[in-house]
Each structure stands twice: as structure tokens, then as C-alpha cells.
Amino acid sequence: MSQTLDQFKEYLHKMKQYEHVLTLLYWDLQTLTPEKGVEAHMSAITYFSSESFRLSTADEYGQMLRTLSEPEEFDALDEAMQLTVRRYSRDYERFKRVPADFFADYTETKARSEKAWEKAKRSADFDQFAPYLEKVISMTKEYVHYMEPDEDPYEVLLDMYEEGIDGDTIDRVFEELKEGLLPLLAKIEARPRPDLSALEGSYDIAAQKKVQQMLLEYIGFDADAGATAESEHPFTTELCIGDVRVTNHYKENDPISAIFSAIHEGGHAIFGQNVDPAYEDTAAGQVNLMGLHESQSRFFENILGRRRSFWVPIYDRLGEILPQFKEVPLDTFYRAINDVHPSMIRTEADEVTYCLHIILRYEMEKAIFRDNVPVSDLPQLWNDKMEELLGIRPANDGEGILQDMHWSDGSFGYFPSYLLGSMYDGMFLEALEKEKGSVDAILEDGRIREITAWLNENIHRHGSLYTSSEVLRRVCKKELSARPLLDYFYQKYENLD
Ligand code: ZN
């Protein structure tokens, strides 16, 4: 092994220590930090962030990357190390082009904007937030321009969240999906909604937590390589392959919400826990393909978790933990968890209309970045698109354009990855059934771990060694298409009554 490679690995390990601490600090901030401790906590985060930034822009590090990029060194590296050198060199060059004072200003602007958004959302007052949003948009454009001066800024953003999937591809598959979904939704809308009154009531929070443990264990979450906690919004965080943590948020009058968050975050965690340990400290071990990650959480949550067959082996257990479910027949429960109807809030949407919420956001982002639509016109544009896609119009901006946090902190280009994840799922489902037969038969038999193992083998263990397009080619032998997801929706909902 070359001397530079030795030094490089040591350096990566050092960078990993800072990341580990930062991840832990963020986890703690969102789960346990008391109000009066927030400031000290934030100051620790700022300290470790700037140390980590210093390491990732140091000349010494850049020199190692350049040496390892030379053909005689590069060709001798293994696949994961080649990916690491390639990706980190790109990031290093990008960061080096961003002036340090601009970066500090941008970071602060985003933090202020996020705070302003929280307030504006609470009072449903877009005008309060507009000047902040305007600044975040213009600075995000500037930031991306520093990093990649010759490329279309929105393409760079899309690529940051889902490497290798470009705007043309997203245009094509989103259009295909939209055309297929609107007639299906019209059909579903023409039918009466199910009567869900049997589920009304108060559900013990401690028991809901037990349900989460039962579900996590059932789908294959390794409790020895993870932990659970509570937070305002459910999320998953990965400290290392042996420590992947999930949170949940419980509502006394709505056990369904925590049930599906548990399965969703469990899916993210199972991905993280099953990456090949040899990739720890490398770029392959850091799964930053948001679409691929989302495909795994959604596969468990929607493709598996919203099937009747998923619940057949465990529905009695659910009733033992939460006795109210003993009074609710499985068929009623099944209808409740698949109640499709247009609603205002993305995070509460069913799996069908959810797709249209994302298409709306993607079209908005194109309007912002490509057509330079002024910020003052955005709420109206949002409401018009809501009406066009979902047939409903927000009563105020709180349930309209202000509902998501993403744009307040500059995360433009992130939204499409949620829907890309669902499209990959349609394709994974097709490939899985081709190889192992009916998913319903496997689930009804209580053999869900066979499906988890299939996902571990085909997707999880590779981490982000392959881009999503490469994964689709390897696993499904196909290019990205909306067709399999549409087939899944039609099969499930066309005759659901
Ligand atoms: Zn997710």
C-alpha cells in the first residue's frame, strides 16, 4: 500500500471523529437538549463544524487527493477507495472555490431564515418570510455558481441530492407519472370514503412505543446496532454502521401516524445497519443518495406496510399491545391505512396524492431557478398548482407554501428525491416478485425477513458504491420508469372499495 494511501486513510479516520461528534450533538439537540442548554450546545456544534470544515479544505488533504488521483496510484485502489477519492476530490475543489466569508454569511443567512420561517408558518404570514426567502434563493444561486461556474445551478443542486439523475430524466418520469395518476385519482375520488370512526379514541403513548419496538423487530431492525428516542419530527441518524438511531413522534388520538413513522424510519435504519463494514470511513459507507435512501424507507412503509398481508401475521399482536385494535376488524384497519384523498399537507398525504405534492414542489423549484419567478408571485403560483394537481386550494399560506422547512434553509433540489424513491420502489417490487414470487404470499406466511434479506443483499450492503441508476440497472435490469409504480397503484386502488 502506498504511503499516501496510508496517510489518507488516517486522515479520513480523523475527519470521521469530528463527524461522529457532530452527529451525536445534532441527535441530542433534537431529542434531549433542554431549552436552557441549547445555546451551549449550538456553540459546540459551531466549533466542531468549523474544525471539520478546516480539515476538509486543508492543503495537506488536497495534496493527498491529487496524489491519489494520479493514474498509477488511482488504478491500484479498490472500488470503494476510488469512489472516495473521486467524490472527495470533487467536493474539495468545489469548497475551495467558495470564499470563506461568503460561506459564513450564507450559513448565517440560512439559520436566520429558518427561524423566520418558523414564525411566519405559525402566523400563516408569507410577507414576513418573503425577504428571507429572497435572500436564501439569491445566495443559493451564488453558492452553486461558485462551486460549478459553468453549470446550470438547478442541475448542480439536483445532483447533490441524487447523483446521476438529471432534470431531463426527472421531467420525463414525473410527466409520465402525472398523466397516469390524475385519471386514477379521479376514479378513487368518485367513490365514497371509508368510515373510519371505529379508530377514534385515545391511545396510550407507552403502548404505542411498544408497538414501535414490535414493528422494528419484525421488519429486521437490529436493536444491538441502534436506539430509539422521541423528537418533534421523526428522523433517522447514522453514527456508524453499528449505531443507527431512529426517532418517532406520538399522538394520543392517532396511533396510525406513529405506526407508519416507525416502519418508515426503520427502513432507513435497516439500510444503514447493513452496509458492508469494510466501507466504514469511505464515501461508499456514507449513503448520501437521498432518493435511494428514501426508496428503502418507503418500501417498508408503503409497498410492504400498507398491504393487508403485512398485517395478517401480526395484527393480533397489535391488538394485545393496543387493545382498541381488538375491536377493529383487519379489513377496516386496511381501509384506514389506504384512505386516498387530496389534502393540503404533504407529510400527512396518502401514498398516491403524495406524488402530486412532490411534482408541485419540483415545478415550483424550476420556476424559481430557471424562470426566475419573483418571490412575491410564489404563493399564488403554489395555490394555482395545488388546484391544478389536487383540485383543492389552500385557505392560507400556512397550509400552502409555508408548510415545509426545506426552502428556508436552502435545501432546493431535495424534494424530487422523495418521489424518485417511490419510483425505484415500483421497480424493486417488480424485480423482487420476479425472483421470489408473490410478496403477499411471503408476507402472509410471516416470512418478511426474506424480503429484508433480499434488500440487504441487492441494495443495502453496497452503501452508495453505485448510483441509483446503476442500482436499477443491476437489480432491475432497466432504466428508470414511472410505469412499475403506476402498475402497483392501479392494481391496488382501481378496485379497492
Ligand atoms: Zn424518509
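Residues numbered from 1 in each chain as written. Predicted model: local features only at pLDDT ≥ 70, side-chain atom pairs only at ≥ 80, totals over all residues. Heavy atoms only, no water.

Enquirer: Any details on the overall build of the protein chain? Residues and values, ideally.
Expert: Along the protein chain, the regular secondary structure elements total 22 helices and 3 strands. The C-alpha atoms of the protein chain give a radius of gyration of 23 Å, which matches the 23 Å a tight globule of 497 residues would have. Principal axes of the C-alpha set define a box for the protein chain whose edges measure 65 × 50 × 50 Å. By sequence separation, contacts in the protein chain at least 24 residues apart represent 75% of the contacts at least 6 residues apart. In the structure as shown, the protein chain presents an accessible area of about 22,300 Å², 48% of it carried by carbon and sulfur atoms. (Helix = DSSP H or I, 4+ residues; strand = E, 2+ residues; numbered from the N terminus. Rg over C-alpha atoms; globule rule 2.2 N^0.38 Å. Contact = heavy atoms within 4.5 Å. Areas by Shrake-Rupley, 256 points an atom, 1.4 Å probe, with all protein chains shown as cover.)

Enquirer: Go over the coordination of the zinc ion with me, naming the residues and quoting the values.
Expert: Coordination of the zinc ion by the protein comes from His264 (NE2), His268 (NE2), Glu294 (OE) and Glu294 (OE), over a distance range of 2.1 to 2.8 Å. Around the zinc ion sit 4 donor atoms, and with donor-metal-donor angles ranging over 49 to 125 degrees the site reads as irregular. Mapping the donors of the zinc ion onto the primary sequence gives the spacing H-x3-H-x25-E. Taken together, the residues span a long stretch of sequence, with His268 in helix α11 (residues 255-273) and Glu294 in helix α12 (residues 290-304) at a distance of 26 residues. Across this residue pair, the class does not change: His268 and Glu294 are buried. (Donors = N, O, S within 2.8 Å, 3.2 Å for Na, K, Ca; no water. Tetrahedral: all angles 85-135°; square planar, octahedral: opposite > 155°, others 65-115°. Buried < 20%, exposed > 50% of the residue type's maximum accessible area, 1.4 Å probe, protein only.)

Enquirer: Describe the pattern of salt bridges, with residues and values.
Expert: Enumeration according to the criterion identifies 37 salt bridges in this entry. We note a salt bridge from Arg461 to Glu457, for which the minimum N-O separation is 3.2 Å. Each of Arg87, Arg90, Asp91, Asp159 and Glu163 takes part in one network of salt bridges that share partners. (Salt bridge = Lys/Arg side-chain N within 4 Å of Asp/Glu carboxyl O.)

Enquirer: Could you give me a rundown of the sheet that holds strand β3 (residues 243-248), with the residues and numbers involved?
Expert: The strand order β1-β3-β2 describes an open sheet built from 3 strands, whose pairing is mixed. Each edge of the open sheet carries a strand with a single partner, namely β1 (226-230) and β2 (236-240). Averaged over neighbouring strand pairs, the angle between their axes works out to 20 degrees when direction is ignored. Taken strand by strand, α11 contacts β1, β2 and β3, and its axis lies near 170 degrees from that of β3. (Pairing = 2+ DSSP bridges. Axes fitted to C-alpha atoms, helices over the stretch in contact; angles between N-to-C directions.)

Enquirer: Please give an account of unusual backbone geometry that cites residues and values.
Expert: Of note, the phi angle at Asp281 is positive, near 75 degrees, even though the residue is not glycine. With respect to the helices and strands, the residue Asp281 is situated in the loop between α11 and α12. Phi angles above zero are rare outside glycine, and Lys477 is one such case at about 55 degrees. Within the fold, Lys477 resides in the loop between α21 (468-476) and α22 (483-493). Given a relative accessible area of 65%, Lys477 falls into the exposed group.

Enquirer: How would you explain the nonpolar core if you had to name every residue and give the values?
Expert: Of all hydrophobic cores here, the largest spans 149 residues; its most connected members are Phe174, Phe310, Trp311, Phe333 and Phe428. Counting residues per element, this core draws most heavily on helix α18 (residues 415-436), at 11 residues. Here Phe174 is in contact with Ile358, Ile359, Tyr362, Pro416, Leu419, Leu420 and Met423, once residues within four sequence places are set aside. (Core = buried A, V, L, I, M, F, W, Y, C linked by side-chain atoms within 4.5 Å.)

Enquirer: So what's going on with the side chain of Ser309? Which residues, and what values?
Expert: The topology assignment puts Ser309 in helix α13 (residues 308-311). By relative accessible area, Ser309 is classed as buried at 3%. A distance of 2.5 Å separates the side chain of Ser309 from the side chain of Asp440, its partner in a polar contact. Excluding residues that lie within four positions of it along the chain, Ser309 makes contacts with Asp440, Leu443 and Glu444. (Polar contact = N/O pair within 3.5 Å; in protein donor to acceptor, adjacent residues only side chain to side chain.)

Enquirer: Summarise the packing of aromatic side chains; cite the residues concerned and give the values.
Expert: Tallied over the full model, the rule gives 35 aromatic pairs. For the pair Trp27 and Phe235, a centre-to-centre distance of 6.0 Å together with 70 degrees between the ring planes defines the contact as edge-to-face. With a gap of 208 residues between them, Trp27 in helix α1 (residues 3-31) and Phe235 in the loop between β1 and β2 connect regions that are remote in the sequence. Here the two residues Trp27 and Phe235 agree in accessibility, since each one is buried. Judged by centre distance (5.7 Å) and plane angle (40 degrees), the rings of Tyr203 and Phe325 are tilted. Residue Tyr203 is found in the loop between α9 (167-189) and α10 (205-219), and its partner Phe325 is found in the loop between α14 (315-321) and α15 (330-336); the two are separated by 122 residues along the sequence. (Phe/Tyr/Trp six-rings, centres within 6.5 Å; stacked < 30°, edge-to-face > 60°.)

Enquirer: Can you break down the side chain of Asn302 residue by residue, with the values?
Expert: Tracing the backbone shows Asn302 in helix α12. Judged by relative accessible area, Asn302 falls into the buried class, the value being 8%. Of the polar contacts made by the side chain of Asn302, one reaches the side chain of Arg306; its length is 2.8 Å. Excluding residues within four positions of it along the chain, Asn302 makes contact with Arg307, Glu351, Tyr488 and Lys492.

Enquirer: Quick one: what's the story with the environment of Tyr488, residue by residue and with numbers?
Expert: For Tyr488, the location among the structural elements is in helix α22. Beyond its immediate chain neighbours, meaning those up to four positions away, Tyr488 contacts Asn302, Ile303, Arg307, Glu351 and Leu429. Looking at Tyr488, its side chain comes within polar contact range of the side chain of Glu351, at 3.0 Å.

Enquirer: Describe helix α17 (residues 378-390), listing the residues and the values that go with them.
Expert: Each α-helix winds once per 3.6 residues, and so residues spaced three or four apart point in a common direction. Taking 1.5 Å of rise per residue, 13 residues should cover 18 Å, and α17 covers 18 Å from first to last C-alpha, within 8% of that figure. On the buried face of α17, the contacting elements are α7 (126-147), α9 and α16 (353-369). Of the residues trailing α17, Gly391 is marked for its positive phi of about 75 degrees. (Expected span 1.5 Å × (residues − 1).)

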